[in-house]
Amino acid sequence: MLKRIIASLLAIALLVIPGCAVTDDVSSSYNSVVALSKSIGDMWLLAGGTLKGITEDGLELEGASDVAVVGTVTQPNLEAILELEPDLVLVSAELSSHAEIKAELDNLGIDTIAVAVNSFDDYDSYMKTFAEFTGRADLYELNVTSIRNSIDEIISLVPSAGEGLTYLAIRVSATKNKVLKNDYFACGIFNDLGLNNVVTDNSELDEISAEWIAGADPDIIFVVLHGQEDEAMDSFTQAFESSAFWGELTAVSEGRVFVLPKDYFQYKPNALWADAYQYAYDLIYEG
Amino acid sequence: MKADGRRTVVIVGILSLIAAFLISLFIGNGTVGTGDLLQVLFGSSYSKSAYIILTRIRIPRTLAALLCGAALSSSGLVLQTVLDNPLASPGIIGINSGAGLFVLIAGIIFPFSAAARQLFSFAGAVVAVASVYLICKIAGFSKMTLVLTGVAISSLFTAGTNTITTFYPNAITDKAAFNLGGLSSVSLQGVLTALPCIVICLVIIFAKQGQIELLLLGDETASGLGVNPEHTRKVSLLISALLAGSAVSLCGLLGFVGLIVPNVIRRIRCEGLLYRLILCVIYGSLFLIICDVLSRLIFYPYEIPVGLILSALGAPFFIWILISRRKAVR
Amino acid sequence: MITVDNLKVSYEDKNVLELGSFTFPEGKITGVIGRNGSGKSTFLKAIAGVLPYKGSLKVGKDEITSVPSELRARRISYLPQRVVSADMTVKMLVRHGRYPWKSFPRRLNSDDKRIVDDAIARVGINGLSSKNLKSISGGELKLSYLAMILAQQTDIILLDEPEAHLDTEHRQLLYNTLSSLRDEGKTVVFTSHNLTESMPVFDKVLILDRGKDVFFGDPEEAKTKL
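Residues numbered from 1 in each chain as written. Chains lettered and ligands numbered in written order. Predicted model: local features only at pLDDT ≥ 70, side-chain atom pairs only at ≥ 80, totals over all residues. Heavy atoms only, no water.

Enquirer: Any details on the overall build of chain C? Residues and values, ideally.
Expert: Within chain C, the secondary structure is distributed over eight helices and 11 strands. Relative to the globule expectation of 17 Å for 226 residues, the C-alpha radius of gyration of chain C, 17 Å, shows essentially globular dimensions. Projecting the C-alpha coordinates of chain C onto the three principal axes gives extents of approximately 45 × 40 × 35 Å. Classification of the 226 residues of chain C by burial places 51% in the buried group. Summarising the internal contacts of chain C: among those between residues at least 6 apart in sequence, 67% fall at separations of at least 24. If you sum the accessible surface of chain C, you get close to 10,400 Å²; carbon and sulfur atoms cover 46% of it. For chain C, the distance from the average site of its 33 positive side-chain charges to the average site of its 29 negative ones is 4 Å. (Helix = DSSP H or I, 4+ residues; strand = E, 2+ residues; numbered from the N terminus. Rg over C-alpha atoms; globule rule 2.2 N^0.38 Å. Buried < 20%, exposed > 50% of the residue type's maximum accessible area, 1.4 Å probe, protein only. Contact = heavy atoms within 4.5 Å. Areas by Shrake-Rupley, 256 points an atom, 1.4 Å probe, with all protein chains shown as cover. Lys, Arg positive; Asp, Glu negative; His and termini not counted. Charge placed at Lys NZ, Arg CZ, Asp CG, Glu CD.)

Written as structure tokens, this is what we have:
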């Protein structure tokens, strides 16, 4: 009898102890991490990691104020990165300057991950990887799983009458106005909430004609400002609001033209995905 | 200029070039300092990051500045001599816009590939020059025709570029860095690819400079001295294009070096194409290395576009030369 | 000597020069005269190897087109009608006259330098040696190019309207120089409009009219044909 008890205790101990050891090993797997954009750095921090270096735009992140600067997001400085002796560098999969740096780092045998987040699912999968490196399953739970649950909840509230409303999403900057298509993450949010994008093609052409907008006459118009906000607003006013056809649009006459906040719809929302969904939902169904 | 003076200018240039080369390799600004970098060559122990920075960044970059500076300024000098036009430069002949268009195409077919960019920009430069040459063969090689043809070809290629970016707006990101010009994304592989072409072309230019110089005397006199003017012009244009194309494929569009450096040298009372070529090679490299060092050190870790520094330093100097020469002639 | 046999030169499918057969004697001065547009310059350019031709045009025993251009420049020098005021000094220009005799790297040795200095002295432009071509007069420019072809030291010397832009004193210098070249055994051919002064210098005369040769012979006889 005593032998059995001792054996059981041993078995339990053998099961528990390795679990603790494994956690320790994983969390010390990367000690010197450099992120080459604010959004990606944010994700790493949310997963419980620490940063040794980040690009200039990421300095405003919490927990990044005394991190070394390695250049700008469009032009990171390879030398500055290498000085920090990184063992992991997180780059964007969408910038050519990052691709070049990644190639060089790969040649040097330094681990790199190229990140491209165009939907919540993308965010989820990268966060999962990051959380495995940092060993913080709890943070994954907090910043991904529970957020996904909130999002699903919001989506479940979408009234069936919502199916069928159309929208047009445009990104406005001082130099250029372009329509946002379904591969853009914000459009993914709107589509999840039961709306239909009037722009359905997938070509790279993105400068839309006023005539076409008038013909499509969307129910809602979303505006995302890019770059200098004042200048972007001016450009928007000039290009659209002051033109003759604008007042004729349904969305305008019903007051459903919404200028969206950057933190949810221009930059990747990261931990704020659910807030983004909520914001959009409120605008569409309760605004 | 007396022979002694000429020799002095060359010696001073070579010594300055060596000094600039060493500064570019070893001066450190961040956590990896000058001492750390020197340790790699001369010391017994050095940090891994110092080693990597020296071998993977400093050496390729400095070599690229050396090659591109020499290539662009000699290319500019040859073009100015062959076309007897001080406004001629790789940029005016359409090389820049040709390379730019092809870089854009490379960005679409082979996105993010530095090797494709390099090859395509080189091809674009040659295509542009060939177009200018063919048109001038029919329309004539006068100064005016040459410049106008270069403008026309540049417009054509730029229009092509603008058309493509309308259909593929995202391809422009690859090209933006190219337009600005700079040496931040130079790899040793890239340098080794461009090196043979640049060196061989420079050797050919030096071998042919005697013929090229005779073109200045007019086609008839040159023929009388045993030179075939058409053939010499064709070879010179091709070699200039290859030189500038190789440089542009490494460092992007740095128009200043090919236009202003040769003009400064032509104005400093130095006679003879051979001597001017030597000065272009030395001082063209020196100038680009210095500007590159400044571009990365002033606001480390942020880089200022090297084209900005080239103009900021070079343009006032050139203006000073113009003014002081004018006074001398009077 | 220069031998012509049914020489034809055409430009844009039109024959601008159609010559019969004659030989310019070695070691003599031959003048080529005729109205504007008669083909004088074209003829000289053909001999200098600047223009392609049909028929036969020989220098010595060799057909001109068969001689490689660098070797041809050692035997024939050519002073064209229009000379360019390039951005270089007079001395530099005259040094270029040695080009056909040097191979890479084309450094001038002491002999070359002596030849250059002698050529400059012979034409009497010592004081202009270090002046830029762009800053001297048209006549001085012509003389500088003359010095250059003297430095080229060829047996055959072609000059297209060398008297243009020269004042009386310089023209005399030119004729004296050409005569002394002839006395050294060189073959000189030059075109001229200034017949009063140049005719006495000619040993032989070729008259061209509308691309054809109408007379070749002694100056005395030529005068009667004019």
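Enquirer: Account for the overall build of chain B, with residues named and values stated.
Expert: Each helix and strand counted, chain B has 13 helices and zero strands in total. A compact globule built from 330 residues would reach a C-alpha radius of gyration of about 20 Å, and chain B, at 20 Å, matches this within 12%. Along the first, second and third principal axes, the C-alpha atoms of chain B reach 65 × 60 × 35 Å. Looking at the 330 residues of chain B, the share that counts as buried comes to 53%. Here the analysis covers contacts within chain B between residues at least 6 apart in sequence; of these, 75% occur between residues at least 24 apart. Element-wise, carbon and sulfur atoms account for 71% of the exposed surface of chain B, whose accessible area totals about 13,600 Å². The centroid of the 23 positive side-chain charges in chain B is displaced by 4 Å from the centroid of its 11 negative side-chain charges.

Enquirer: Lay out unusual backbone geometry in plain terms, naming residues and giving numbers.
Expert: Even without being a glycine, E85(A) presents a positive backbone phi close to 50 degrees. With respect to the helices, strands and loops of the structure, E85(A) is situated in the loop between α3 (78-83) and β4 (88-92).

Enquirer: Explain the pairing of strand β2 (residues 14-18) of chain C residue by residue, including any values.
Expert: Residues and elements named next belong to chain C. Bridge count between strand β1 (residues 2-11) and β2: four bridges; the pairing is antiparallel. Across the sheet, residue V9 finds its bridge partner in β2, namely L17. What sits between β1 and β2 in their antiparallel hairpin is a turn of two residues, with E12 showing a positive phi close to 50 degrees. (Pairing = 2+ DSSP bridges.)

Enquirer: Could you give an account of the interface of chain B and chain C, naming the residues involved and the relevant values?
Expert: Contact with chain B, which involves 19 residues of that partner, is made by 25 residues of chain C. Summed over both sides, the interface between chain B and chain C buries roughly 1,900 Å², with carbon and sulfur atoms accounting for 58% of that surface. Counting the surface chain B buries against chain C, the share from its top three residues, L217(B), E220(B) and L225(B), is 32%. Between chain B and chain C we count two salt bridges in total. Its salt-bridge partner being E220(B), residue K45(C) comes within 2.9 Å of it at the nearest N-O pair. If you look at where chain B meets chain C, you find four residue pairs in polar contact (both at pLDDT 80 or more). (Buried area = accessible area lost by both parts, 1.4 Å probe. Salt bridge = Lys/Arg side-chain N within 4 Å of Asp/Glu carboxyl O. Polar contact = N/O pair within 3.5 Å; in protein donor to acceptor, adjacent residues only side chain to side chain.)

Enquirer: Describe the pattern of salt bridges, naming the residues involved and giving the relevant values.
Expert: For the structure on display, the rule yields 30 salt bridges over all chains. Across the pair D106(A) and K102(A) runs a salt bridge whose closest N-O atoms are separated by 3.1 Å. Taken together, the residues span about one helical turn, with D106(A) and K102(A) both in helix α4 (residues 96-107) at a distance of four residues. Accessibility expressed as a relative area gives 38% for D106(A), which makes it partly exposed. Of the residues examined, K102(A) reaches a relative accessible area of 23% and is grouped as partly exposed. In this structure, K91(C) and D117(C) form a salt bridge, with 3.4 Å as the shortest nitrogen-oxygen distance. Of this pair, K91(C) sits in helix α3 (residues 90-96) while D117(C) sits in helix α4 (residues 110-123), and the two are 26 residues apart along the sequence. A residue is classified by how much of its surface remains accessible, and D117(C), at 36% relative accessible area, is partly exposed.

Enquirer: Talk me through the packing of aromatic side chains; I want residue IDs and the actual numbers.
Expert: Under the defined criterion, the tally for this structure stands at 25 aromatic pairs over all chains. Note on Y167(A) and F190(A): the rings are 5.2 Å apart at their centroids and 70 degrees apart in plane angle, and the pair reads as edge-to-face. Of this pair, Y167(A) sits in strand β6 (residues 166-172) while F190(A) sits in helix α7 (residues 185-192), and the two are 23 residues apart along the sequence. Taken together through their ring pairs, the aromatic side chains of Y167(A), F190(A), F222(A), F258(A), Y264(A), F265(A) and Y279(A) make up a single cluster. Across the ring face of Y267(A), the terminal group of K38(A) is positioned such that the distance to the ring centre comes to 5.1 Å. Taking NZ or CZ as reference, R6(B) lies 4.1 Å from the ring centre of Y275(B), over its face. (Phe/Tyr/Trp six-rings, centres within 6.5 Å; stacked < 30°, edge-to-face > 60°. Lys NZ or Arg CZ within 6 Å of the ring centre and 35° of its normal.)

Enquirer: Requested: an account of the interface of chain B and chain A, with residues and values cited.
Expert: Taken together, the contacts link 28 residues of chain B with 26 residues of chain A. Between chain B and chain A, the buried area comes to about 2,400 Å², and carbon and sulfur atoms account for 52% of it. Together, R56(B), F112(B) and Y302(B) form the three largest contributors to the area buried by chain B at its contact with chain A, with a combined 25%. Counting every contact that joins chain B to chain A gives three salt bridges. The closest approach of N and O atoms between R117(B) and E100(A), which form a salt bridge, is 2.1 Å. For the pair chain B and chain A, the number of links is four residue pairs in polar contact (both at pLDDT 80 or more). At the level of elements, α3 (48-82), α6 (143-167) and α7 (172-180) of chain B are the ones that each hand at least two residues to the side of chain B that touches chain A. With seven residues, the top contributor of residues to the side of chain B that touches chain A is α3(B).

Enquirer: I'd like to hear about the environment of V186(B), residue by residue, with values.
Expert: All names here are of chain B. Structurally, the position occupied by V186 is in the loop between α7 and α8 (188-214). Separated by 65 residues in the primary sequence, V186 and C251 have C-alpha atoms spaced 7.6 Å apart. Each residue touching V186, except ones within four places of it in the same chain, is listed here: P60, R61, A64, V191 and L250.

Enquirer: Outline the nonpolar core, listing residues and values.
Expert: If you look at the biggest cluster of nonpolar residues, it comprises 87 residues, and the most contacted ones within it are L72(B), L83(B) and L310(B). Contact partners of L72(B), with chain neighbours within four places excluded, come to P90(B), A244(B), A247(B), V248(B), C251(B), L254(B), V257(B) and G258(B). Counting residues in hydrophobic clusters, the runner-up holds 56 residues, among them Y30(A), V115(A), A131(A) and F190(A). (Core = buried A, V, L, I, M, F, W, Y, C linked by side-chain atoms within 4.5 Å.)

Enquirer: How would you explain the side chain of T89(C) if you had to name every residue and give the values?
Expert: Looking at where T89(C) falls in the secondary structure, it is placed in the loop between β7 (76-79) and α3. Beyond its immediate stretch of four places on either side in the chain, T89(C) contacts E271(B), S129(C), S130(C), K131(C), N132(C) and L133(C).

Enquirer: With reference to specific residues and values, describe helix α1 (residues 3-26) of chain B.
Expert: The periodicity of an α-helix, 3.6 residues per turn, causes residues three or four positions apart to be oriented the same way. All names here are of chain B. A rise of 1.5 Å per residue sets the reference length of α1, with its 24 residues, at 34 Å; its end C-alpha atoms lie 35 Å apart and thus fit the reference within 8%. The set of residues buried in α1 consists of V10, G13, L17, A20, S24, L25 and F26. In this structure, the buried residues of α1 make contact with α2 (34-42), α3 and α12 (273-297). (Expected span 1.5 Å × (residues − 1).)

Enquirer: Tell me about the sheet that holds strand β2 (residues 53-54) of chain A, and name the residues and values.
Expert: Residue and element names in this part refer to chain A. Read across the sheet, five strands follow the order β3-β2-β1-β4-β5 without closing on themselves; strand pairing throughout is parallel. Across the chains shown, the open sheet's two edge strands, defined by having one partner strand only, are β3 (68-69) and β5 (111-115). With two bridges connecting them, β2 and β3 associate as parallel partners. From the neighbouring strand, I54 faces β3, where its bridge partner is V69. Lying over the sheet, helix α2 (residues 38-46) contacts β1 (33-35), β2, β4 and β5, oriented at roughly 135 degrees with respect to β4. Against the sheet, helix α5 (residues 120-134) contacts β4 and β5, and its axis sits at roughly 155 degrees relative to β5. (Axes fitted to C-alpha atoms, helices over the stretch in contact; angles between N-to-C directions.)

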